[in-house]
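Coordinate inspection notes
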Amino acid sequence: MATPCRLMLILLAAVAAAASHPAHEFCAASGGGGGAGSCGGGDGTRILIKGGTVVNAHRAEEADVYIEDGVVVAVRPNIPVGDDNVKVIDATGKYVMPGGIDPHTHLEMEFMGTVTIDDFFSGHAAALAGGTTMHIDFVIPVNGNLTAGIESYKHKAEKSAMDYGFHMAITKWDDEVSREMEVMVKEHGINSFKFFMAYKGSLMVTDDLLLQGLQKCKSLGALAMVHAENGDAVAEGQQRMIDLGITGPEGHALSRPPVLEGEATSRAIRLAKFVNTPLYVVHVMSIDAMEEIAKAKREGQRVIGEPVVSGLVLDDSWLWDPDFATASKYVMSPPIREAGHGKALQAALSSGILQLVGTDHCTFNSTQKAFGSDDFRKIPNGVNGIEERMHIIWDTMVETGKITVTDYVRVTSTECAKIFNIYPRKGAILEGSDADIIILNPKRSFVMGTHTHHSRSNTNVYEGRKGKGLVEVTISRGRVVWEDGNLNVVPGSGRYIRTPPFGYLFDGIEKSDAIYRAGLRAPVVRSKAAA
Ligand code: URP
Ligand code: ZN
Ligand code: ZN
């Protein structure tokens, strides 16, 4: 765990930053088209990154990058240094890439009778140290109320140290929720809603609600997201394990097998097809779910599949570990699967069946995990990853030749920015983009674990993991926040990034709707006499 001095909090700077970014200030987005938007870094810092390979999702080039006031001003070879007040960073032999964007996190989330241990400060410190400069977190409504939910999350995010956006979960349905969804999109800059098909008795929605929600999402130009597991069958599976006397963490995996993930994924995809609206499947953990997505894509349906780092590189053998503290660390839903699923998900990521990588960062410490020491159903579900994602994906996918460097940028940053309609302000190093940038040295290696991580948790599911490719520098909106192993983060400096509706996934939906209507050949006009 990080010590307070390692975090190097510059409190004076924090006060100044809080003054220039009032706690509830929500900056205007660039209206979907991109550009720098109305909230640059604003502190006058000038940085010149020289001699590196600048990688965007569309191409890699040898170029320098000049940053002023939180924004990328120039990307071209041989930019002269200018004056002494410019910080020059030598990136020779290194990759200069857009900071990671994590589409799936749960900071300070109330869940399963406790609260995730990383909040919008420690989670951001961890993210920045690992090369992630933005994330999108899930707002959980308060007793089903979306307004109360967003107010609560705005408060939680006051200590943010990097840019963030919000998705919103929908946990009940009535006219008020339907009206509030519109308010969330139009007034609060949220363009995605998540429906949990699992967690019976708490967050789970019925098919009826899912159908209403899909229709509402479509009308608002908002992306519907699903946690796809059959929650009724999971509850049965859990009882079956308890009846068999299986109360330990292995019961978690046994009670919710891949078939239940495949079934729910297929159901959600088919309902989205019926409504003709795009669908985003979060944390795809199994071959079963991935193949449903592949099939739908082959048929031309707009379905996005998001694997998470744990599902790509871990396997369920940990859940059988005789030590409860070790085994319980790996409890998340859908469960980490048997060896073989991860490799198949990696292949699907390489081939584009799965499009972007999240973490589902949802950390609980060993004391919280111990709530379920007699009953796996009470182990809070979730694992870490916000700090580890960029390194693990580089090592697992790029170092092994499974994806190219440009694909790396696409799956860790650009695709997320495009899907949630904030590209090219985010997800690119182009003139006018926010200066969220990392410098990765492919020759250096990393070792992960609680001794170096910045999460507040006393455990790490990647403990002892080694690999190649090290993020040496992280720049967040034009400020160097991570360099030479030192973190310089400022609570209150993060900005809320509004995500505008009607992203690219909605282009042409009205045309396919029109073709559908034209193809109905109905109503048939029948003469009264014939009737
Ligand atoms: O185990 C998990 N995934 N915890 C976070 C909540 C969710 O389902 O995304
Ligand atoms: Zn989920
Ligand atoms: Zn999640």
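Residues numbered from 1 in each chain as written. Chains lettered and ligands numbered in written order. Predicted model: local features only at pLDDT ≥ 70, side-chain atom pairs only at ≥ 80, totals over all residues. Heavy atoms only, no water.

If you check an unreviewed UniProt entry, the chain appears there as dihydropyrimidinase from Lolium multiflorum. Its UniProt record gives the chain the following Cofactor (unreviewed entry) comment, quoted word for word: "Zn(2+)". Taken verbatim from the UniProt record of the chain, the Catalytic activity (unreviewed entry) comment is "5,6-dihydrouracil + H2O = 3-(carbamoylamino)propanoate + H(+)". (UniProt positions renumbered as here; feature names shortened; annotations may be inferred.)

As a further point, take the overall build of the chain. Counting secondary structure elements, the chain contains 17 helices and 18 strands. Relative to the 2.2 N^0.38 estimate, which gives 24 Å for 531 residues, the radius of gyration of the chain is 23 Å and therefore close to what a compact globule would have. Seen along its three principal axes, the alpha-carbon backbone of the chain occupies a region of about 90 × 65 × 45 Å. A buried classification covers 60% of the 531 residues belonging to the chain. Long-range pairs, those at least 24 residues apart, make up 78% of the contacts in the chain between residues at least 6 apart in sequence. Summed over all atoms, the accessible surface of the chain reaches about 19900 Å², with 53% contributed by carbon and sulfur. In the chain, the 53 positive side-chain charges and the 63 negative ones have mean positions that sit 5 Å from each other. (Helix = DSSP H or I, 4+ residues; strand = E, 2+ residues; numbered from the N terminus. Rg over C-alpha atoms; globule rule 2.2 N^0.38 Å. Buried < 20%, exposed > 50% of the residue type's maximum accessible area, 1.4 Å probe, protein only. Contact = heavy atoms within 4.5 Å. Areas by Shrake-Rupley, 256 points an atom, 1.4 Å probe, with all protein chains shown as cover. Lys, Arg positive; Asp, Glu negative; His and termini not counted. Charge placed at Lys NZ, Arg CZ, Asp CG, Glu CD.)

Inspection of the region around ligand 1 gives 14 residues, with H106, Y199, H227, S333 and D360 positioned closest. Contact distances for ligand 1 include 3.0 Å between an oxygen atom and a side-chain N or O atom of H227. N381 places a polar main-chain atom, nitrogen or oxygen, 3.1 Å from a nitrogen atom of ligand 1. Protein contacts shield 99% of the accessible area of ligand 1, which totals 260 Å² for the unbound molecule. According to the grid-proximity analysis, the pocket containing ligand 1 is the largest cavity. Classifying every residue of the shell around ligand 1 by side-chain character gives 5 nonpolar, 7 polar and 2 charged. (Near = heavy atom within 4 Å. Polar contact = N/O pair within 3.5 Å; in protein donor to acceptor, adjacent residues only side chain to side chain. 1 Å grid on protein atoms, 1.4 Å probe; cavity = no way out; pocket = protein on both sides within 12 Å on 5 of 7 lines; lining within 4 Å. Sits in = over half its atoms within 2 Å of the grid points. Nonpolar A, V, L, I, M, F, W, Y, C, P; charged D, E, K, R; others polar.)

Where empty space is left in the structure can be found by rolling a water-sized probe over the atoms. Evaluation of the coordinates by the stated rule reveals 5 cavities of 30 Å³ or more. Roughly 90 Å³ of volume is contained in the largest cavity. (Points joined across faces, edges and corners; volume = space filled by probe spheres on them.)

This part is about the pairing of strand β15 (residues 437-447). Bridge count for strand β5 (residues 95-98) against β15 is 4 bridges, and the pairing is antiparallel. Counterpart to Y95 in the pairing with β15 is L440. The pairing of β15 with strand β16 (residues 466-476) spans 8 bridges and is classified as antiparallel. Residue V447 lies in a different strand from β16, and its bridge partner there is K466. (Pairing = 2+ DSSP bridges.)

Turning our eyes to something else, we now look at the layout of surface pockets. Of the volumes computed, that of the largest pocket is approximately 390 Å³. What lines the largest pocket is a set of 22 residues, and nearest its centre among them are A129, H391, T452, L470 and W482. Breaking the lining of the largest pocket down by element, the ones donating at least two residues are β15 and β16. With 4 residues, β15 is the largest single contributor of residues to the lining of the largest pocket.

Donor atoms from the polypeptide that bind the zinc ion (ligand 3) are H104 (NE2), H106 (NE2) and D360 (OD), placed at 2.0 to 2.1 Å. Sequence spacing of the donor residues for the zinc ion (ligand 3), all on one chain, is H-x1-H-x253-D. Taken as a pair, the zinc ion (ligand 3) and the zinc ion (ligand 2) show a spacing of 3.8 Å. Here H104, found in strand β6 (residues 100-105), pairs with D360, found in the loop between α13 (341-351) and α14 (366-369); they are 256 residues apart in sequence, far enough to count as distant. Taking the relative accessible area as the measure of exposure, H104 reaches 0% and is therefore buried. Relative accessible area serves as the criterion here: at 7%, D360 is assigned to the buried category. (Donors = N, O, S within 2.8 Å, 3.2 Å for Na, K, Ca; no water.)

So, about helix α16 (residues 405-419). Look at α16: 20 Å from first C-alpha to last across 15 residues, which is about the 21 Å you get at 1.5 Å a residue. Residue V411 marks the point of greatest curvature in α16, where the axis turns by about 50°. Two residues or fewer after α16 comes N421, characterised by a positive phi angle close to 65°. (Expected span 1.5 Å × (residues − 1). Bend = angle between axes of the 7 residues up to and from the residue.)

Our next topic: the state of the cysteines. In the structure shown here, the tally under the stated rule is 0 disulfides. No disulfide involves C217; its sulfur sits 17 Å from the nearest other cysteine sulfur, which is in C416. Overall, the relative accessible area of 0% leaves C217 in the buried class. For the unlinked cysteine C362, the closest cysteine sulfur is that of C416, found at 18 Å. (Disulfide = S-S within 2.5 Å.)

So, on to the UniProt feature "domain: Amidohydrolase-related" (unreviewed entry) in the chain. Mapped onto the present numbering, the UniProt feature "domain: Amidohydrolase-related" (unreviewed entry) falls at residues 95-481. Regarding residues 95-481, the helix share stands at 38% and the strand share at 18%, and the terminal C-alpha atoms are separated by 17 Å.

Note on pairing: side chains with opposite charge can pair once their charged atoms come close. Applying the stated criterion across every chain, the model contains 30 salt bridges. The residue E61 makes a salt bridge to R59 at a minimum N-O spacing of 3.1 Å. Among the charged side chains, a network of salt bridges with common partners joins D163, R425, K426, D434, D436, R477 and R495. (Salt bridge = Lys/Arg side-chain N within 4 Å of Asp/Glu carboxyl O.)

This next bit is on the coordination of the zinc ion (ligand 2). Around a metal, the idealised angle for a tetrahedral arrangement of four donor atoms is 109.5 degrees; for an octahedral arrangement of six donor atoms it is 90 or 180 degrees. Each protein donor to the zinc ion (ligand 2) is listed here as K194 (NZ), H227 (ND1) and H283 (NE2); together their distances run 2.1 to 2.8 Å. Along the chain, the residues donating to the zinc ion (ligand 2) are arranged with the sequence spacing K-x32-H-x55-H. Residue classification places K194 among the buried positions, given a relative accessible area of 1%.

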